[in-house]
Each structure stands twice: as structure tokens, then as C-alpha cells.
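# Architecture at a glance
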Amino acid sequence: MKIILRSDRKGLGKRGDIVDVSDGHARNFLLPQGHALKASDGAVTQAASMRRSRDLRDAQDRESAQTIASALVPKVISIPAKSGPEGKLYGSVTSADVAHAVEEQTKVVIDRKNLHMDPIKSLGTHTVTAKLHSDVEFPITVEVISK
């Protein structure tokens, strides 16, 4: 059955895409939940406008992510933490700590879920990967210093 997705569905496609799914999946899940509608002639034109608006929004999001990336790549974010004599931290620096420090030092708000890292457990300079958009992934340099 050909359907038009009304919302992004992992494994199927994005909003406005026309996809072919099994009849049972469409009848029992996608259509009753409001995630899709049947692909009729009028709905196909509506899907084209959905894709157009999605592409415009995607381009704006990509552009804003690239601006944030160009502002953050040259900066070094310093985070003070309590440490022992060998340079090991008593706790760890998490993605929430990095997001808070980025906001505090650069006035750029980044969601902690967009930061991909393992907890930092030692002093020194570390690299954290930020992915703000599917096409924009950049490194943030984090320096953990002793309190």
C-alpha cells in the first residue's frame, strides 16, 4: 500500500515521503495513529508541499548549525573540577557539564543530547564531538583544569 508519511518515522522515511508499506502495517498502525495517510492524487500534491517545507526548514537548521560550529571550533572551553594528586577527577565531567560550560562561556545553547562523549575522568585537554544536524558534526575542545 502506498502511503504518505505525516511525521518522521525511523526506518520508513521523513514527513512528506511517499513510501510503500505492507497493508497490515498501514491499516493497523500508521493510519490509525495518524502517522500516515493514503496516497491519493490530492494527497500527493500535499506531500510535495510537505517535502518543500521540510527542505526549507532543513536548510535553515543546517545553516544555523554551521554558524554555531564556526563559532565553537576555535574556542577552548575550560571546566574546573576537583582532582586528586595524579590528575584523576573525583567525579567525572559529563555532557551536561560541557553543555553548561559552553553556554556560560560562549552564550551558545547546546543540548547535552547533541554531545557525543564518554565521561571525562582526568585533567587535561579532551575533544568532544557535537552533532547539531545530520550534516553538521564538529569537535569542541574541552580543557579540564583543577579547582
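Everything here concerns the structure above.
Here goes a summary of the coordinates provided.

Conventions and cut-offs
- Residues numbered from 1 in each chain as written.
- Predicted model: local features only at pLDDT ≥ 70, side-chain atom pairs only at ≥ 80, totals over all residues.
- Heavy atoms only, no water.
- Pairing = 2+ DSSP bridges.
- Helix = DSSP H or I, 4+ residues; strand = E, 2+ residues; numbered from the N terminus.
- Axes fitted to C-alpha atoms, helices over the stretch in contact; angles between N-to-C directions.
- Contact = heavy atoms within 4.5 Å.
- Salt bridge = Lys/Arg side-chain N within 4 Å of Asp/Glu carboxyl O.
- Buried < 20%, exposed > 50% of the residue type's maximum accessible area, 1.4 Å probe, protein only.
- Polar contact = N/O pair within 3.5 Å; in protein donor to acceptor, adjacent residues only side chain to side chain.

Time to look at the sheet that holds strand 1 (residues 2-5). Strand order in this open sheet of three strands is 2-1-3, and the pairing throughout is antiparallel. On the outer flanks of this sheet lie strand 2 (18-20) and strand 3 (36-38), each paired with one strand and no other. Strand-to-strand twist in this sheet, taken as the mean axis angle between neighbours without regard to direction, amounts to 40 degrees. Relative to strand 3, strand 1 runs antiparallel, the two being bridged by three bridges. Across the sheet, I4 pairs through a bridge with L37, a residue of strand 3. Across the sheet, helix 1 (residues 23-33) is in contact with strand 1 and strand 3; its angle to strand 3 comes to roughly 125 degrees.

Per the counting criterion, the structure on display carries four salt bridges. In this structure, D55 engages R54 in a salt bridge whose closest nitrogen and oxygen atoms are separated by 3.9 Å. D55 sits in the partly exposed class, given a relative accessible area of 45%. When its relative accessible area of 15% is taken as the criterion, R54 is described as buried.

Locating D20 in the fold gives a position in strand 2. Residues D20 and M1 lie 19 residues apart in sequence; the distance between their C-alpha atoms is 5.5 Å. In terms of polar contacts, D20 uses its side chain to reach the backbone amide nitrogen of M1, at 3.1 Å.

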